[in-house]
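Commentary on secondary and tertiary structure
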Amino acid sequence: MDASLMRQIKIPKSDSSKELEFLKEAVDKFFQLDFKNLRYQDLFQAGYKLVVSQHGDKLYSELGEWLYVNMQILATRIRPVEEPVAFLKNIKELWTTANTAITITCQILIYLDTQYLKKRNLVSIKDLGYKYFSDIVMKNAKNVKRITGAVLNEVEKERDGELINRNNIKNISEMILNISETTGEKIYNDHIEAPYISQLRESSEVICRKLLTELSVPSFLEEAEKLMAREAERAKELLMPISQEKVLECIRAAFIESNTPTILANDVNWLETLIQQNRLDDVSRVYRLYSNKIRPEIFAQFVGTLQHLLVGIGEKQIQQAIAEHSWLKMIDAILVLSAKYNSMLNDQFQRNPEIVKVIHKVLVHVVNFDESICKALAFYFNHLLSESAPQISEAEYDHRADGLLEIFKRVRAKDSFSTYYVQLMAKRLLAKTLKSDDSERAVIRKFKAECGIQYTLKMESMMKDVVVSHDECTEFLDAHENLPFQFDIFILTNGLWSFANLSVNCAMPPQLEGVRKSFENFYLGKHKGRKLVWRMNKSTLELVGSFAASNQRYFFTAYMMEAMILLAFNEFEEVSVEQLKDMLKAPCEVLERSLTLLSKIKLLLHLKDRNSYTLNAQYRSRTIKVRIPSSEKALGDNEGAEGISVELRREREQKIDATLVKIMKGRHQVLHNTLIEDAAKMLSASFPPDTGLIKLRIEYLIEAEYIKRSPSDRKLYIYLSLIHICRCRRYAVCRSRWSP
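Residues numbered from 1 in each chain as written. Predicted model: local features only at pLDDT ≥ 70, side-chain atom pairs only at ≥ 80, totals over all residues. Heavy atoms only, no water.

1. Looking at the overall build of the protein
When its secondary structure is counted, the protein shows 30 helices and 12 strands. For 740 residues, the compact-globule formula gives about 27 Å, and the C-alpha radius of gyration of the protein, at 47 Å, lies well above that figure. In terms of principal-axis extent, the alpha carbons of the protein reach across some 150 × 75 × 55 Å. Per-residue burial over the protein gives 45% buried out of 740 residues. By element, 50% of the accessible surface of the protein is carried by carbon and sulfur atoms, the whole surface being about 40,300 Å². Within the protein, the 97 negative side-chain charges are centred at a point lying 4 Å from the centre of the 104 positive side-chain charges. (Helix = DSSP H or I, 4+ residues; strand = E, 2+ residues; numbered from the N terminus. Rg over C-alpha atoms; globule rule 2.2 N^0.38 Å. Buried < 20%, exposed > 50% of the residue type's maximum accessible area, 1.4 Å probe, protein only. Areas by Shrake-Rupley, 256 points an atom, 1.4 Å probe, with all protein chains shown as cover. Lys, Arg positive; Asp, Glu negative; His and termini not counted. Charge placed at Lys NZ, Arg CZ, Asp CG, Glu CD.)

2. Let's talk about the pattern of salt bridges
Inspection of the entire model under this criterion finds 41 salt bridges. We note a salt bridge from E158 to R166, for which the minimum N-O separation is 2.7 Å. Where R667 meets D678, a salt bridge forms, and the shortest distance between an N and an O atom there is 2.5 Å. With a gap of 11 residues between them, R667 in helix α28 (residues 646–667) and D678 in helix α29 (residues 672–683) connect regions that are remote in the sequence. What makes R667 partly exposed here is its relative accessible area of 44%. (Salt bridge = Lys/Arg side-chain N within 4 Å of Asp/Glu carboxyl O.)

3. Re helix α10 (residues 187–214)
The terminal C-alpha atoms of α10, which comprises 28 residues, lie 40 Å apart, in line with the 40 Å expected from a rise of 1.5 Å per residue. Within α10, the axis deviates most sharply at E193, by approximately 30°, and proline P195 lies no more than four positions further along. (Expected span 1.5 Å × (residues − 1). Bend = angle between axes of the 7 residues up to and from the residue.)

4. Points about the sheet that holds strand β8 (residues 625–627)
Reading across the sheet, the 3 strands line up as β3-β4-β8 and stay open at both edges, with mixed pairing between neighbours. Looking along the sheet, the strands with just one partner apiece sit at the ends: β3 (540–547) and β8. Taken pair by pair, the neighbouring strands of this sheet meet at an average axis angle of 25°, ignoring direction. Pairing geometry for β3 and strand β4 (residues 552–559), over 8 bridges, is antiparallel. The partner of S546 across the bridge, within β4, is R553. Sitting on the sheet, helix α25 (residues 560–567) touches β3 and β4, and the angle it makes with β4 is about 140°. (Pairing = 2+ DSSP bridges. Axes fitted to C-alpha atoms, helices over the stretch in contact; angles between N-to-C directions. Contact = heavy atoms within 4.5 Å.)

5. Some words on helix α9 (residues 166–183)
Its 18 residues place the ends of α9 26 Å apart at the C-alpha level, agreeing with the 26 Å of an ideal helix rising 1.5 Å per residue. Along α9, the residues classified as buried are N168, I169, I172, S173, M175, I176, L177, I179 and S180. Sitting at the amino-terminal end of α9 is N165, which places a side-chain oxygen 3.1 Å from the backbone nitrogen of N167. G184 lies just past α9 and shows a positive phi near 80°. (Polar contact = N/O pair within 3.5 Å; in protein donor to acceptor, adjacent residues only side chain to side chain.)

6. With respect to the sheet that holds strand β10 (residues 707–709)
Strand order across the open sheet formed by 3 strands is β9-β11-β10, with antiparallel pairing between neighbours. Of all strands in the sheet, those with a lone pairing partner are β9 (669–671) and β10, marking the two edges. Each neighbouring strand pair of the sheet contributes to a mean axis angle of 30°, computed without reference to strand direction. In terms of strand pairing, β10 meets strand β11 (residues 716–719) through 3 bridges, oriented antiparallel.

7. Quick look at the side chain of T614
Considering the arrangement of structural elements, one finds T614 in strand β7 (residues 612–615). By relative accessible area, T614 is classed as buried at 19%. Of the polar contacts made by the side chain of T614, one reaches the backbone oxygen of E573; its length is 2.8 Å.

8. Thoughts on the packing of helix α14 (residues 269–276) against helix α15 (residues 280–291)
Each pair of packed helices gets described by two things: the angle between the helix axes and the distance between those axes. Close contact between α14 and α15 brings their axes to 8 Å; oriented N to C, the two are set at 130°. Taken together, the axes of α14 and α15 lie oblique to each other. The handedness of the crossing between α14 and α15 comes out as left-handed. The residues of α15 that touch α14, namely those facing W270, L274 and I275, are D282, V283 and V286. Class assignment of the residues belonging to the contact of α14 with α15 gives a composition of 5 nonpolar, no polar and 1 charged. (Parallel < 35°, antiparallel > 145°, perpendicular 65-115°, else oblique. Left-handed = near helix turned anticlockwise from the far one by under 90°. Nonpolar A, V, L, I, M, F, W, Y, C, P; charged D, E, K, R; others polar.)

9. A short note on a nonpolar patch on the surface
Taken together, the side chains of L33, F35 and Y40 make up a nonpolar region of the molecular surface, amounting to roughly 260 Å² of accessible area. Relative to the helices and strands, F35 resides in the loop between α2 (17–31) and α3 (40–52). (Patch = residues over 30% accessible without salt bridge, like charges linked within 9 Å, V, L, I, M, F, W, Y side chains within 5 Å.)

10. Focus on the pairing of β11
Side chains of β11 alternate between two faces, with L716 and I718 and Y717 and Y719 buried alike. Sheet analysis places β9 next to β11, joined by 3 bridges and oriented antiparallel. Its bridge partner lying in β11, L671 is registered against L716.

11. Observations concerning the nonpolar core
Core analysis: the biggest nonpolar cluster contains 156 residues, and I331, I355, F417, Y421 and F447 have the highest contact counts within it. The contact partners of F417, leaving out residues within four places of it in the chain, are C374, L377, A378, F381, F408, F447 and Y455. By size, the runner-up hydrophobic cluster in this structure holds 45 residues, among which are M561, A568, Y619 and V626. (Core = buried A, V, L, I, M, F, W, Y, C linked by side-chain atoms within 4.5 Å.)

12. Focus on the environment of P195
By the secondary structure assignment, P195 is in helix α10. Residues P195 and Q276, spaced 81 residues apart in sequence, show a C-alpha to C-alpha distance of 44 Å. Sequence-distant contacts of P195, that is, excluding residues within four places in its chain, are made with T148, L152, N189 and D190.

13. Describing the confidence of the model for the protein
Here the protein averages 84 in pLDDT, while 91% of its residues score no lower than 70. Confidence scores differ between elements of the protein, with strand β12 (residues 736–739) showing the lowest mean pLDDT of 29 and helix α18 (residues 353–367) the highest of 94. Under a pLDDT of 50 for its full length, residues 634–644 has, in the predicted model, 17 contacts with residues more than four places off or in other chains. Long-range and interchain partners of residues 722–740, a stretch whose pLDDT sits below 50, account for 41 contacts in this model, where long-range means more than four residues apart. (pLDDT = per-residue confidence, 0-100.)

14. So, the packing of aromatic side chains
Applying the stated criterion to the full structure yields 31 aromatic pairs. When the centroid spacing of 5.2 Å and the interplanar angle of 85° are considered together, the rings of Y421 and F447 count as edge-to-face. One end of the pair, Y421, is in helix α21 (residues 414–431); the other, F447, is in helix α22 (residues 437–451), with 26 residues separating them in the sequence. F447 gets classed as buried once you look at its relative accessible area, which sits at 0%. Residues F519 and F522 carry aromatic rings whose centres are separated by 6.0 Å and whose planes lie at 45° to one another, so their mutual orientation is tilted. Highlighted residues: F519 and F522, both in helix α24 (residues 510–526), separated by 3 residues, approximately one helical turn. Note on F519: relative accessible area 0%, which makes it buried. (Phe/Tyr/Trp six-rings, centres within 6.5 Å; stacked < 30°, edge-to-face > 60°.)

In structure tokens form, the structure reads like this:
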């Protein structure tokens, strides 16, 4: 009704009885759903007239009585005994009637509602009608009990497989929620939501107990996920949105949280079976059930169980490879395990931050499970970077190299790996079995990016030595073109190469002696102040030999000691051990090892009665080119009981000493525990620090007078800053080089 129409209404000066009676009859008809012969404009004008003529309080009081009486009349229309579905329909019909009547009443008395009541902070017409419906119809103990029972009865029927009319329950839920929100009472929470959730909890617990006794855990989880989805969908269709999260919380608690002690018991072989058999859909289901808004402590228990399980799987595979003494299988197992765990992390675990940390910890633990993994990793790199490696595509090579570098990043004892890698790299360089220089340098660049320039300094220097040796050898050969044989030489910096200090020399063939002297004169004349030391144990010769039995020429590649033994049979048919000692001028142990090797490959025959050897005239080989292996000890034979070589232990002690002095020099005074903790933290980038070894090195530094204990506190160390005044002297530094 617009303002101009309101101004045209004439307000007679009479009492309000006529208008009140007119409105009362209309309200009664509204509750009877009788809308015939009603003039809504007249009704509006009557209400407006009463308010502006200062009869608003009387109209409001009378309206309350009209609503109250009509609600009582509605309550009498509730059938006393009726089937639950019909009862819910009956309640819904009464609510529809009351809500319609209240809505129309609000419309015709809008001026009363929006002007008079609002200004005086009185209850609105709608709220008043809803309150009377709640007090008279809903709060009746029998009615409330019947509504709750009817709803739960219908829900139970559906759980048992019967078809029900969901709209009936949805309508009742909506009705009660509207009343609750309008009146501010908890009718919906107390009489629909709470009983529904209570019944759901009880039925879910019964189902879970039954399923856990009949099914395996994976089957139980599969069935539980289906039941949870079904209950969530049912709640969405029957209840109001404000109840959805509470229902889901109840479902999760009943099916997952309360059964977690059983599901994640100490014996979780079922989960290990799922992972090892690649039943990834089942693994995804487990994660979904334990990550979807589960309580943090329950999810943490799942994550802890998963970590323990993944560690166990990794340890078993490593132990199996160690038992088979196969470094190839060991690294392949780690590569497969890493790829599998990362794939599961992306696909099954959706890169959950907590599980990302778990996968990282697991792989770090597996990679550092045994000290031999460092050695195996170095051998695998050697296998990949050698020309003898199987032919694979560039993409496959890059994939394997990236996998090995990921393992390297997780290795804690990087100094141990470096020791093995440098030894094998030296063999590749000297034997010229590199797959390519670019591949070798690319790997070294990756090491440098991960560990810094100091870590790869020796490797880069070795590569540089090879390049310089090639240039020097080429220049020498250009100046001596008339050599009767091919000649190649490596000039290696002393101290860089792992075997530089292992001198096992023997005599050189007379044919090479002149060339050796010529090269020494050439090199030392070009580089003043240097010294060449020849390492015959790393030198190789290529020999040509023929045998009477096969009448076949063979090409032998042998190290100097084995080659000199074979050359001796050009002059003698039978040579004694004593003769060989005099001829070769080699240590007895080395000579015996070489003779044993040549006898083992059936090139020589051992005459035990005379302690002498003769050439095996019946020798045969499947290949024309025969490479005689070295008789030196295999890599790693010098390792101690702890699996760390003497050289590596010495290097670690030096690093510990340097770190301790660096800390003390910067702080001057440090407590015992703080010094050990800080040193261990700084050393962890190179190798897993041993607290016992750090304590021993502290004692060594005290004896060497680098630090001392405080007289007042034995746990406090003090740095000794000594100043020595020395004369300034000049020293000539000689760079020693050697060549096989």
